[in-house]
Amino acid sequence: MRPVTVSTEVPYPPARVHDFLEVMAHHQRFTDHYLTDWRYSGPSRGFGARATVTAALGGTRTEVGIEVINSEPPHRIVEHNVSAGGRRQAHGIYTIAPLPDGGSRVSFTYTWLCAPLPERLLAPVVRATMRRANRTVMRRLAAELARYEGESDGEADGVGSGATPPDRRP
């Protein structure tokens, strides 16, 4: 199936966006409209960070394993997803590009490596459902970044200045 890409623009530099996205627990804050029951393992951030979630999308619920397999600060994070008993595998790729005004364009591309036959047969519907869900993810990511940056302003730990944010894993 062809990949699905969605994007948003935020007023934060790529390093700050990458620092936020690299913490696996932060993803729950902007994806919990369709990914629930988050369970974490491995490191809290970067390569090897893992989560197991329940995805509720298109009228179905399934367990999904997510693992960060590549992180290239401040521009890219690649996650490998496995679900449907291994019959569905995909990469979720965050790409963070600087904007002339100092902000960032954040893109998320979901690329299926393999998918169950029914999903392949209904590819246009599956892709539209993923695009709709991930557009919501991008809107919520922008809002969560603003909230997170607001929480960070004025803190003595330097997070608001682009330093690595603390792990706020639930």
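Only a predicted model underlies this, so the values are computations on that prediction, with no experimental measurement involved.

### Some points on the layout of surface pockets
Inference 1: Of the voids in this model, the largest pocket is the one considered here, and its volume is about 710 Å³.
Inference 2: The wall of the largest pocket is formed by 35 residues, among which Ala55, Leu57, Arg88, Tyr110 and Met130 lie closest to the centre.
Inference 3: Ranked by residues supplied to the lining of the largest pocket, first place goes to helix H4 (residues 123-152) with 6 residues.
Inference 4: For the lining of the largest pocket, the per-class residue count stands at 21 nonpolar, 9 polar and 5 charged.

### Brief notes about the packing of aromatic side chains
Inference 1: Tallied over the entire structure, the rule returns 5 aromatic pairs.
Inference 2: Residues Phe20 and Phe30 carry aromatic rings whose centres are separated by 6.2 Å and whose planes lie at 35° to one another, so their mutual orientation is tilted. Residue Phe20 is found in helix H1 (residues 14-22), and its partner Phe30 is found in helix H2 (residues 26-31); the two are separated by 10 residues along the sequence. The same class applies to Phe20 as to Phe30, namely buried.
Inference 3: Geometrically, the ring pair formed by Tyr94 and Phe108 is tilted, given 4.7 Å between the ring centres and 50° between the ring planes.

### Looking at the side chain of Arg127
Inference 1: Considering the arrangement of structural elements, one finds Arg127 in helix H4.
Inference 2: It is Glu119 that comes nearest to the buried, bridge-free Arg127 among opposite-charge side chains, at 11 Å.

### Observations regarding the environment of Ser41
Inference 1: With respect to the helices and strands, the residue Ser41 is situated in strand S2 (residues 35-41).
Inference 2: By relative accessible area, Ser41 is classed as partly exposed at 35%.
Inference 3: It is 6.2 Å that separates the C-alpha atoms of Ser41 and Ala51, two residues lying 10 residues apart in sequence.
Inference 4: In this structure Ser41 touches Gly48, Ala49 and Arg50, once residues within four positions along its chain are discounted.

### Here's the deal with the confidence of the model for the chain
Inference 1: Overall, the prediction assigns the chain a mean pLDDT of 90, with 89% of residues at 70 or greater.
Inference 2: Per-residue pLDDT, averaged within each element of the chain, yields its smallest value for helix H3 (residues 117-121) (92) and its largest for strand S6 (residues 88-98) (98).
Inference 3: Every residue in residues 154-170 is under pLDDT 50, and counting partners more than four places away or in other chains gives 39 contacts.

Thresholds, definitions, all that
- Residues numbered from 1 in each chain as written.
- Predicted model: local features only at pLDDT ≥ 70, side-chain atom pairs only at ≥ 80, totals over all residues.
- Heavy atoms only, no water.
- 1 Å grid on protein atoms, 1.4 Å probe; cavity = no way out; pocket = protein on both sides within 12 Å on 5 of 7 lines; lining within 4 Å.
- Points joined across faces, edges and corners; volume = space filled by probe spheres on them.
- Helix = DSSP H or I, 4+ residues; strand = E, 2+ residues; numbered from the N terminus.
- Nonpolar A, V, L, I, M, F, W, Y, C, P; charged D, E, K, R; others polar.
- Phe/Tyr/Trp six-rings, centres within 6.5 Å; stacked < 30°, edge-to-face > 60°.
- Buried < 20%, exposed > 50% of the residue type's maximum accessible area, 1.4 Å probe, protein only.
- Lys, Arg positive; Asp, Glu negative; His and termini not counted.
- Salt bridge = Lys/Arg side-chain N within 4 Å of Asp/Glu carboxyl O.
- Contact = heavy atoms within 4.5 Å.
- pLDDT = per-residue confidence, 0-100.

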